[in-house]
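# Structural overview for review
Below are the chains, spelled out letter by letter.
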Amino acid sequence: MPKAYFTTPIFYVNDIPHIGHAYNILATDTLVRYWRKKLGRENVFFLTGTDENSQKTVDAAKKANEAVGPYLDKMAKNWQTTWEKCGIDFDDFIRTTEDRHHQKVHEVLQKIYNAGDIYLGEYVGKYCTGCETFLKEDELNEKGECPDHLKKPDELKEKNYFFRLSKYQDLLLDLYAKNPNFLQPEKRKNEVLSFIKSGLEDISISRESAEIGIKFPFDKSHTIYVWVEALINYISGCPEGETSDFWKNCTHIVGKDITKFHNVIWPAMLLSAKISLPKEVFAHGYFTIDGTKMSKSLGNVVDPLDLSDKFGNDALRTGLLSSFEFGNDGDFSVRNFEEFYRTKLAGGVGNLFNRVIILVHKFLDREKVTVTTNEVDIKKDLEKFNNLLEQKKLKASIDHFFTVVDSANQLLNDTEVWKLAKTDLEKATDIFGQLLNKLVVLAQMAEVILPESAPKMKTMLGDKNRLGKAIILFERIE
Ligand code: ME8
């Protein structure tokens, strides 16, 4: 059986998760569920975790008046339990403060050093702690600030180790020529390609004055640049390591903000260390909340747990993922989300299951109900759904699910089967059969996009001989 390995970015623990992070991990979890269904659970591996060796986590601990170690433990736990509460079914959770990660980082950095790609030099430049990156003059705004964090970067002058990124310019172009899908979607690839073509400079990969981090294996007085070691988490947490089929079939799901790291620096590091590359990177877009950028100062940051507590995890997942297509930028509005819940979930699929099951029980001898499965139709709808997921079209796959829901509701209403059953039971039985077929296919799709409702749907559908009782899938919420 082929293998598949999916990763999310590892999240910074200087703050708690918000809905932007949840968007990334819910999308990944949805793709993982599709592949687990196709390849079998043991052949698919899902890794997430936390990025902890960052100056901003140290600053956050100080601000909270807590010692760094316990602060990191507390925050990592918070991220992990948030994802568990949101119904994310990851196989492993990696923290960059773990030994297994430190060991792997040393191994990889030593290989890059042995390849002659690390040298000592002096760095003079501007560093933004918010981004954990050096910024060039032309990347700053008119006030000389980082455009994302609206803060003047720190002036740094220190002895640094450098990575010979410039050496990999042509090799990277070659990589994209040979593997056009290494970065998707296309527009993100074009951005990265023009960045590479504009000329790659060697990058500083050490800090002399860092308060946290992993030391170089060949020089313990220097700390490894947090991004360089963070990327290695994907190997530290890879089942069976970087020579395995999992690794060769790895998909990194990232936000578009971090493609330079995942699509320039990371493949160059791997080429240098002579480690095979992951299969692909998919960069999704960013969303605004009601048209404005989500930010603490604006007070419009949405906590995924608030939505999940009120509407449930299936609503959180499908409401977010169907707001705009995966790969595009978009907008999320709580009002549209509530509308989606009301019309599509409670009034749509929930109501459909309930009505059909209750009607079948009312008119047919429940012991004798058999679902006259019309295989062709089921196959057609499932195939379309699966094809969309293979292409990572998450919104389109959810939309397709609701097209089937709508067609079932229409069949129910057009035939007025509840009246028909009183006059022509034979004809009504045929319609009930068609409706149950649609519910069967919906329950199968739900395993991927509505994983908490899927078992309830299956219970309602019962087995070949016996239909189950109606269950409310989505409570009406005022
Ligand atoms: O970048 N819309 O971590 P991070 C969509 N530690 N996605 C969003 C979003 C929004 N408004 N806000 C955040 C880091 N994200 C590094 C990664 S990996 C080796 C190291 C998503 O916690 C987006 O996917 O700042 C972003 O890439 C991710 O959250 C991680 O953000």
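Structure: above.
Residues numbered from 1 in each chain as written. Predicted model: local features only at pLDDT ≥ 70, side-chain atom pairs only at ≥ 80, totals over all residues. Heavy atoms only, no water.

### A closer look at the nonpolar core
By size, the foremost hydrophobic cluster in this structure holds 97 residues, and its most contacted members are Trp-83, Phe-401 and Phe-432. Formed jointly, this core draws a minimum of three residues from each of two domains, domain 1 (4-285) and domain 2 (304-327 + 334-461). Setting aside residues up to four positions removed in sequence, Trp-83 forms contacts with Phe-11, Pro-17, His-21, Ala-22, Ile-25, Ile-88, Phe-90 and Phe-93. Residues Tyr-161, Ile-214, Tyr-225 and Ile-235 belong to the second largest nonpolar core, which totals 61 residues. (Core = buried A, V, L, I, M, F, W, Y, C linked by side-chain atoms within 4.5 Å. Buried < 20%, exposed > 50% of the residue type's maximum accessible area, 1.4 Å probe, protein only. Domains from an automatic or database assignment. Contact = heavy atoms within 4.5 Å.)

### Here's the deal with the environment of Ala-4
Inspection of the secondary structure puts Ala-4 in strand S1 (residues 4-7). Under the relative-accessibility criterion, Ala-4 is labelled buried at 7%. Remark: the alpha-carbon pair of Ala-4 and Ala-454, spanning 450 residues in sequence, is separated by 23 Å. (Helix = DSSP H or I, 4+ residues; strand = E, 2+ residues; numbered from the N terminus.)

### Thoughts on the site of the ligand
Around the ligand, 24 residues are found, and the nearest of them are Ile-10, Asp-51, Gly-255, Asp-257 and Ile-258. Interatomic distance of 3.2 Å between a backbone N/O atom of Tyr-12 and an oxygen atom of the ligand. Take Tyr-286: an N or O atom from its side chain is 3.5 Å from a nitrogen atom of the ligand. Isolated, the ligand exposes 670 Å² of accessible area, and the fraction of that covered by the protein chains is 93%. Of all the elements in the fold, those that place two or more residues in the shell around the ligand are strand S2 (11-12), helix H1 (19-39), helix H7 (226-231), helix H8 (233-236) and strand S12 (250-255). Grouping the amino acids of the shell around the ligand by side-chain chemistry returns 13 nonpolar, nine polar and two charged. (Near = heavy atom within 4 Å. Polar contact = N/O pair within 3.5 Å; in protein donor to acceptor, adjacent residues only side chain to side chain. Areas by Shrake-Rupley, 256 points an atom, 1.4 Å probe, with all protein chains shown as cover. Nonpolar A, V, L, I, M, F, W, Y, C, P; charged D, E, K, R; others polar.)

### Focus on H1
Under the 1.5 Å per step criterion, the end-to-end length of H1 is 30 Å for 21 residues, consistent within 8% with the ideal 30 Å. Of all the 21 residues making up H1, 17 are buried; the element is thus mostly covered by neighbouring parts of the structure. Two residues or fewer after H1 comes Gly-40, characterised by a positive phi angle close to 95°. (Expected span 1.5 Å × (residues − 1).)

### Description of unusual backbone geometry
A negative phi angle characterises most non-glycine residues, just as the trans form characterises most peptide bonds. Note the cis peptide between Gln-184 and Pro-185, where omega equals -10°. Relative to the helices and strands, Pro-185 resides in the loop between strand S8 (183-184) and helix H6 (186-197). Look at Glu-416: it is not a glycine, yet its phi comes out positive at around 45°. Within the secondary structure, Glu-416 sits in the loop between helix H15 (394-415) and helix H16 (417-423). With relative accessibility at 33%, the residue Glu-416 sits in the partly exposed group.

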